[in-house]
Amino acid sequence: GEGRYRDSYSYGVGFLALSVIVGVGGGLILQLIKWPIIHIYDVSDTTQRYASQMINVMSLILFVQMMEHTLTKGILRGGGDTRFMILADTIFAYIVGAPLGYLAAFVLGAPCWAIYLALRSETFCKVALCLWRFLSKRWIKDVTVKGADVENVVLN
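Here goes a summary of the coordinates provided. (Residues numbered from 1 in each chain as written. Predicted model: local features only at pLDDT ≥ 70, side-chain atom pairs only at ≥ 80, totals over all residues. Heavy atoms only, no water.)

### Details of helix α3 (residues 82-107)
- Taking 1.5 Å per residue as the helical rise, α3 with its 26 residues ought to reach 38 Å, and the 35 Å between its terminal C-alpha atoms agrees with that figure.
- Most pronounced at A93, the bend in α3 amounts to some 35°.
- Of the residues making up α3, those classed as buried are F84, M85, A88, D89, F92, V96, G97, G101 and A104.
- At its buried positions, α3 is contacted by α2 (45-78) and α4 (112-136).
- G109 sits one or two residues past α3 and shows a positive phi near 60°. (Helix = DSSP H or I, 4+ residues; strand = E, 2+ residues; numbered from the N terminus. Expected span 1.5 Å × (residues − 1). Bend = angle between axes of the 7 residues up to and from the residue. Buried < 20%, exposed > 50% of the residue type's maximum accessible area, 1.4 Å probe, protein only. Contact = heavy atoms within 4.5 Å.)

### A short note on the nonpolar core
- Ranked by internal contacts, the top residues of the largest apolar core, which has 17 residues, are I75, L76, F134 and W139.
- Put simply, the parts of the chain that give this core at least two residues each are α1 (5-38), α2, α3 and α4.
- Apart from residues no more than four positions distant in its own chain, F134 is found in contact with Y9, G12, V13, L16, L71, I75, L76 and W139. (Core = buried A, V, L, I, M, F, W, Y, C linked by side-chain atoms within 4.5 Å.)

### Overview of the pattern of salt bridges
- If you walk through the whole model with that rule in mind, you get 8 salt bridges.
- Measuring nitrogen to oxygen at the nearest pair gives 3.1 Å for the salt bridge that ties E68 to K126. On the criterion of sequence distance, the pair formed by E68 in helix α2 and K126 in helix α4 is long-range, its members being 58 residues apart. Each of the two residues, E68 as well as K126, counts as buried.
- Notably, a salt bridge pairs R77 with D89, separated by 2.2 Å at the nearest N-O pair. Taken together, the positions of R77 in helix α2 and D89 in helix α3 put the pair 12 residues apart, joining distant regions of the chain.
- The network of salt bridges with shared partners includes E68, K73, R77, D89, E122 and K126. (Salt bridge = Lys/Arg side-chain N within 4 Å of Asp/Glu carboxyl O.)

### Quick notes on the layout of surface pockets
- The volume enclosed by the largest pocket comes to roughly 360 Å³.
- Lining the largest pocket are 19 residues; nearest its centre among them are R4, S8, G78, G79 and W139.
- Counting residues per element, the lining of the largest pocket draws most heavily on α1, which supplies 6 residues.
- The class makeup of the residues in the lining of the largest pocket is 7 nonpolar, 7 polar and 5 charged. (1 Å grid on protein atoms, 1.4 Å probe; cavity = no way out; pocket = protein on both sides within 12 Å on 5 of 7 lines; lining within 4 Å. Points joined across faces, edges and corners; volume = space filled by probe spheres on them. Nonpolar A, V, L, I, M, F, W, Y, C, P; charged D, E, K, R; others polar.)

### A few points about α1
- Between its first and last C-alpha, α1 extends 47 Å over 34 residues, near the 50 Å set by a 1.5 Å rise per residue.
- Maximum bend of α1: about 40°, positioned at L32, with proline P36 one to four residues after it.
- Among all positions of α1, only Y9, G12, L16, S19, G23, G26, G27, K34 and I38 are buried.

### Brief notes about the packing of α1 against α4
- Running from N to C, α1 and α4 point in directions that differ by 150°, and their axes come no closer than 10 Å. One way to sum up the angle between α1 and α4 is to call them roughly antiparallel. Where α1 approaches α4, its residues Y9, G12, V13 and L16 are matched on the opposing element by L131, F134 and L135.
- Each residue belonging to the contact of α1 with α4 can be placed in one class, and the counts come to 6 nonpolar, 1 polar and no charged. (Axes fitted to C-alpha atoms, helices over the stretch in contact; angles between N-to-C directions. Parallel < 35°, antiparallel > 145°, perpendicular 65-115°, else oblique.)

Structure, rendered in C-alpha cells:
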C-alpha cells in the first residue's frame, strides 16, 4: 500500500530462496528419520518398502512443493494476483494432476510412488507458470483502498 513495488519483488525473491532452502533441508531430514519412523510400526517388509519409496519421492519433491506454496499462497496472492491464482489452481488440478493420476493408477497400473508423483505433477507445472508470473512482476498490485474509510468500504 505504500507503493514500494521494488521491495515487494525483493522480499519475494528472499522468501522464494528461503522456501528452497527449507524444502531441501526438510527433504534431508525426512531421509534421516525415514527408517526410525517406519520401524515404529509393525508392518510387513513390503509395506516398509512402499513407505520408504513414498518418503523418497516426498523428500525429492519437497522443495518444489515449498516453492509452489510460497509462490501461490504467499507472494502472488499476497501481491493481489488472486484472479491469476484461481485460474492456475483450477486448471492444473483438473487438467494436469487428476488426469495424470488416473492414467498412472487405472490405465498404467503404476506403483504407488509413481501415482503420487503423477498426482503431484500439477505442482511442477504450477511452479513453472508462477515463476514466469513472478519474474514478470505483473503480480504486484496495489491492494489497498486509498483515501477511503475502511468501515465505509466494508459496509457498502
